[in-house]
Amino acid sequence: MSFEVERTTVWSFPERGRWATQRYTSTYRGNFAPQIPRNLILLYSKPGEVVLDPFVGSGTTLIECKLLGRKGIGVDINPATVELCRRNLEFRVPNELPQVVKQGDARNLDFLENESVDLIIAHPPYANAIRYSEDLEGDLSRIHDIQKFLGEMGKVAQELHRVLKRGRCCSLLIGDLRRNKHVVPLGFHVFQVFLKRGFLPREIIIKVQHRCRGTEVWISRANDFLLLAHEYLFVFEKSGQP
Ligand SMILES: C[S@@+](CC[C@H](N)C(=O)[O-])C[C@H]1O[C@@H](n2cnc3c(N)ncnc32)[C@H](O)[C@@H]1O
């Protein structure tokens, strides 16, 4: 499968990358295509640098870190997901760098020092659009109330800002929701939350969403509204000035 780094603000990957163990990450609900972290890593980090994914899920980002020679750190609230991620990292590459996976909460990364990370790739739950657990304490996908979800994302933004080095980038993929036929502009809201916590806006990328699980159900219901077919990939920067 051919791969070229993206050069515009519209990204579309009709065919999901299946290299290394990425064919296994494709079955995790709400996973993203490996082309997303691959582009971000190549655009915003150098070999040997530290990349953090605070919502690591099945490990799509860390597999790319391993393949591209970056030190990866992955965090997920769900211990079963952490195990899955570790299994997906079981393959060999020459001169491999450490990939650390921890059970933890993106709102509290106190095992990481201030300004110790070169790039962040964050893919949080879109509030409760997909529930990742029934009763796991700290799972942000259990929050239905949008204001409460944004409050918790404020804590995430503050922590990500703390651990990121000055002048470096924090990316975030998020989609909007539809509730009772009205769109909930979750992307716009989360964008503002990150600016309020001190990040600078570097890019707003539209990520075209291809058919995913559940699309058929929505098509059958969609008589008087449009199907959401994009997500936002925001790239923020931490100011180089103290
Ligand atoms: C959209 S998924 C990430 C999918 C990932 N990009 C992949 O390709 O597999 C969001 C993840 O966030 C995790 N999560 C929910 N609340 C969290 C929290 N407070 N801290 C860290 N992870 C959390 C969920 O368990 C889920 O695995």
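The structure under discussion appears in the preceding block.
Residues numbered from 1 in each chain as written. Predicted model: local features only at pLDDT ≥ 70, side-chain atom pairs only at ≥ 80, totals over all residues. Heavy atoms only, no water.

### Some thoughts on helix α6 (residues 186-196)
Leu186, Gly187, Val190, Phe191, Val193 and Phe194 are the residues of α6 that are buried. Angular distribution of buried residues about the axis of α6 spans 160°; they occupy a single face of the element. Exposed residues pointing more than 90 degrees away from the buried face of α6 are listed as Phe188 and Lys196. Among the structural elements, α5 (146-163), β6 (164-174), β7 (177-179), β8 (182-184), β9 (200-208) and β10 (230-237) are those in contact with the buried residues of α6. Downstream of α6 by one or two residues, glycine 198 has phi in the positive range, about 105°. (Buried < 20%, exposed > 50% of the residue type's maximum accessible area, 1.4 Å probe, protein only. Helix = DSSP H or I, 4+ residues; strand = E, 2+ residues; numbered from the N terminus. Arc of directions from axis to C-beta. Contact = heavy atoms within 4.5 Å.)

### Some words on the pattern of salt bridges
Enumeration according to the criterion identifies 16 salt bridges in this entry. Two residues, glutamate 64 and arginine 38, come together in a salt bridge whose shortest N-O distance is 2.6 Å. Within this pair, whereas glutamate 64 is found in helix α3 (residues 60-68), its partner arginine 38 is found in helix α2 (residues 35-44), the two being separated by 26 residues in sequence. For the salt bridge of glutamate 159 with arginine 162, the shortest nitrogen-to-oxygen distance reads 3.0 Å. (Salt bridge = Lys/Arg side-chain N within 4 Å of Asp/Glu carboxyl O.)

### Re unusual backbone geometry
Its identity as a non-glycine residue notwithstanding, alanine 20 has a phi of 45°, on the positive side. Of note, alanine 20 is situated in the loop between β1 (10-11) and α1 (22-25). Positive phi, normally seen in glycine, also occurs at asparagine 180, with a value near 50°. What makes asparagine 180 exposed here is its relative accessible area of 73%.

### A short note on the pairing of strand β5 (residues 117-122)
Taking burial as the measure, the six residues of β5 include six buried ones, the bulk of the element. One ladder, built from two bridges, connects strand β2 (residues 50-53) with β5; its direction is parallel. Its bridge partner lying in β5, leucine 52 is registered against isoleucine 120. For β5 and β6, the ladder comprises five bridges, and the chain directions are parallel. Bridged to leucine 119 within β6 is cysteine 169. (Pairing = 2+ DSSP bridges.)

### Brief notes about the packing of aromatic side chains
Taken as a whole and judged by the stated rule, the model has 10 aromatic pairs. With centroids separated by 4.7 Å and ring planes inclined at 50°, the aromatic side chains of phenylalanine 191 and phenylalanine 234 adopt a geometry described as tilted. Highlighted residues: phenylalanine 191 in helix α6 and phenylalanine 234 in strand β10, separated in sequence by 43 residues. Each member of the pair, phenylalanine 191 as well as phenylalanine 234, is classed as buried. Here the aromatic rings of phenylalanine 194 and phenylalanine 236 are separated by 5.1 Å at their centres, their planes lie at 20°, and the arrangement is stacked. With phenylalanine 194 in helix α6 and phenylalanine 236 in strand β10, the pair connects residues that are 42 residues apart, well separated along the chain. Like phenylalanine 236, phenylalanine 194 is buried. Through a chain of ring-to-ring contacts, the aromatic side chains of Phe188, Phe191, Phe194, Phe199, Tyr232, Phe234 and Phe236 assemble into a single cluster. (Phe/Tyr/Trp six-rings, centres within 6.5 Å; stacked < 30°, edge-to-face > 60°.)

Purely spatial values, then, with no claim about function.
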